[in-house]
Amino acid sequence: MTVSRAAIIVPWVHEVEIAAFLDRWGVRYVPDWVILQRDVDREGCGATKNRGVARAIETGAEVVVIIDGDCYPQEGGGDIEEFVSLHLAALEPQEVELYEAVTTPPSRGTPYHETSVRMPVAASMGFWTEVPDYCAARQLAFDCGPMTFSRKAVFGRYFSLCGMNLAFRPRLWTPWCQFIDVPRFDDIWMGWLWQREAYRRGFCFNLGGPLVKHSRQSNVWSNLRQEATHLEANETLWKRIAAHPADDYASLRELLP
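Residues numbered from 1 in each chain as written. Predicted model: local features only at pLDDT ≥ 70, side-chain atom pairs only at ≥ 80, totals over all residues. Heavy atoms only, no water.

Here we take up the overall build of the protein. Counting its secondary structure elements, the protein contains 9 helices and 10 strands. Along the first, second and third principal axes, the C-alpha set of the protein runs to 65 × 40 × 40 Å. Buried residues in the protein amount to 45% of all 257 residues. Restricting the contact set of the protein to residue pairs at least 6 apart, pairs at least 24 apart contribute 79%. Summed over all atoms, the accessible surface of the protein reaches about 13600 Å², with 51% contributed by carbon and sulfur. (Helix = DSSP H or I, 4+ residues; strand = E, 2+ residues; numbered from the N terminus. Buried < 20%, exposed > 50% of the residue type's maximum accessible area, 1.4 Å probe, protein only. Contact = heavy atoms within 4.5 Å. Areas by Shrake-Rupley, 256 points an atom, 1.4 Å probe, with all protein chains shown as cover.)

What follows covers helix α1 (residues 15-24). Of the residues making up α1, those classed as buried are Glu17, Ile18, Phe21 and Leu22. End-on, the buried residues of α1 take up no more than an arc of 125°, which puts them together on one face. Contact partners of the buried residues in α1: β1 (6-12), β2 (34-38), β3 (63-67), β4 (71-72) and α3 (80-90). With its phi angle positive at about 70°, glycine 26 sits one or two positions after the end of α1. (Arc of directions from axis to C-beta.)

A word on the layout of surface pockets. Of the volumes computed, that of the second largest pocket is approximately 170 Å³. Lining the second largest pocket, in full, are Val96, Glu97, Leu98, Lys152, Ala153, Val154, Phe155, Arg157, Tyr158 and Phe159. Put simply, the parts of the chain that give the lining of the second largest pocket at least two residues each are β5 (94-97) and β8 (153-154). The residue inventory of the lining of the second largest pocket, partitioned by class, reads 7 nonpolar, no polar and 3 charged. (1 Å grid on protein atoms, 1.4 Å probe; cavity = no way out; pocket = protein on both sides within 12 Å on 5 of 7 lines; lining within 4 Å. Points joined across faces, edges and corners; volume = space filled by probe spheres on them. Nonpolar A, V, L, I, M, F, W, Y, C, P; charged D, E, K, R; others polar.)

Before going further, it helps to examine the side chain of aspartate 68. Within the secondary structure, aspartate 68 is located in the loop between β3 and β4. A relative accessible area of 13% places aspartate 68 in the buried class. Engagement of the side chain of aspartate 68 in a polar contact is seen with the side chain of lysine 49, the distance being 2.9 Å. Beyond its immediate sequence surroundings of up to four residues, aspartate 68 is in contact with Pro11, Phe21, Lys49, Gly163 and Met164. (Polar contact = N/O pair within 3.5 Å; in protein donor to acceptor, adjacent residues only side chain to side chain.)

And the structure:
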């Protein structure tokens, strides 16, 4: 698939933010497939991204790539078109390790080589360098240094999906790919609902998308106030989603606070 069949969505608030983004990515002329989605009414990150995805669908985009306005290319990295191309490549089917040897050395019947399955990808998620993405409690309680990343394909396991650097096919995954309108949990809770459905369909998530440089940490005290409301529910929500007998979106969505 070519870049022209994709749309990149950049949520932003302040003029200085989007100006810096375009400059760092070397965008001198904004092509039609780059959607600069401004949060004019301070609706929040999730709602802004959902509006951008809806616009991309209207334009006929087969793939949407979301990147936050404070994310820049890595040192020596390519331009915005190359960034999208890397996400498109990461959306191609991936090998996922599914067979586990439970003894050492491996016991009778353990395959010698065939321990992985090639699976379609629900979403490509890229990680970030520089400023890490911690919750407020961990940031305040510990001296949180840089993060390391598990850049692999994941199937059958629940994880904290980040919507900061993400690509997917919206027509295939609506409404599962809709961000939840809850600050600080908009992408996390979307991810758990989406993982339940993707695994049911036999899709994995590829965490080997392109890296970006995250340039800004949001206010820790504001984050703490927003997170505190739902921290207790968040601790077990993924288990309730995973174990719920229904598998339709409406029923699973009702589990969210």
